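Chains, contacts and geometry: an overview
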Amino acid sequence: MAMNLKNSVLLIVDVQNDFLPGGALAVEKGDEIIPVINALQEKFDFIVSTQDFHPADHGSFAANHKGKSPGEVIELDGLSQILWPVHCVEGSEGAEFHEDLNPIKWKAIFQKGRNTLVDSYSGFFDNARREDTGLGEFLQREGITDVYVTGLAQDYCVKFTALDAVALGFKTYLITDATRAVNLSPEDGNKALEEMESGGVILVGSTEITQ
Ligand code: VGL
Ligand code: ZN
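In what follows, the accompanying structure is described.

What counts, and where the lines are drawn
- Residues numbered from 1 in each chain as written.
- Chains lettered and ligands numbered in written order.
- Predicted model: local features only at pLDDT ≥ 70, side-chain atom pairs only at ≥ 80, totals over all residues.
- Heavy atoms only, no water.
- Phe/Tyr/Trp six-rings, centres within 6.5 Å; stacked < 30°, edge-to-face > 60°.
- Helix = DSSP H or I, 4+ residues; strand = E, 2+ residues; numbered from the N terminus.
- Buried < 20%, exposed > 50% of the residue type's maximum accessible area, 1.4 Å probe, protein only.
- Arc of directions from axis to C-beta.
- Contact = heavy atoms within 4.5 Å.

1. Details of the packing of aromatic side chains
Between two aromatic rings, the relevant description is the distance of the centres plus the angle of the planes. Scanning the entire structure with this criterion turns up 10 aromatic pairs. Centroid distance W84 to Y156: 4.9 Å. Interplanar angle 85°. Geometry classified as edge-to-face. Residue W84 is located in the loop between β4 (79–82) and β5 (106–112), and its partner Y156 is located in the loop between β6 (146–152) and α3 (157–167); the two are separated by 72 residues in the primary sequence. Across this residue pair, the class does not change: W84 and Y156 are buried. Summarising the aromatic geometry, the rings of F124 and F170 are spaced 6.4 Å apart at their centres and angled 25° between planes, so their arrangement reads as stacked. Pair noted here: F124 is in the loop between β5 and α2 (135–141) and F170 is in the loop between α3 and β7 (171–180), with a separation of 46 residues, a long-range link. Residue class for F124 comes out buried when judged on its relative accessible area of 1%.

2. Remarks on helix α4 (residues 188–198)
Along α4, the residues classified as buried are D188, G189, A192 and M196. Angular distribution of buried residues about the axis of α4 spans 95°; they occupy a single face of the element. In α4, the exposed residues that point more than 90 degrees away from the buried face are E194, E197 and S198. Against the buried residues of α4 lie α3 and β7. Of the residues trailing α4, G200 is marked for its positive phi of about 100°.

Below, the structure written as structure tokens:
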């Protein structure tokens, strides 16, 4: 199947040091997707990246809640919130993109998670859907109709980004070998795939695009 990549964006979600092996919120084998994404980048003219970017006092960090540990769930400003290790703090090395990821063709970087009181898994909206990053409008203004999602983590930011892309009316693909899951529970990655597929996301392998 040859893909027509006109009016398409390659969306690279949160391929940042803290989500890679050795990072604060490491995704197992997350580094394996970097050469896959770099090969995909050669096929797209339009590439956008998202960046998880938190202030040090962010409410999603377990360390900011006395007696709480990562993995516990609290209520944060009215929303259920999983607590995470401190990660992707603005200005830190962990928030930077992996050095092997080639950013040369990126049209824009959309940051998310800057508001202390609400987490932001999707690259389009915060988890409360109160604020919009501007990504949807940017893509629409540029004439983008098709969104190809890659990056980390499959069961959080990738899933919510892909489902929001569908909700905004984009034809949305997940490139399944260009993502990896956190798997707080072992089946989370597979469940996320099912949720995306039943939510209208089309699953493809990278070789359908690169070959
Ligand atoms: C993410 C948990 C917390 C992600 C970001 O990029 O998937 N997960 N912040
Ligand atoms: Zn985060």
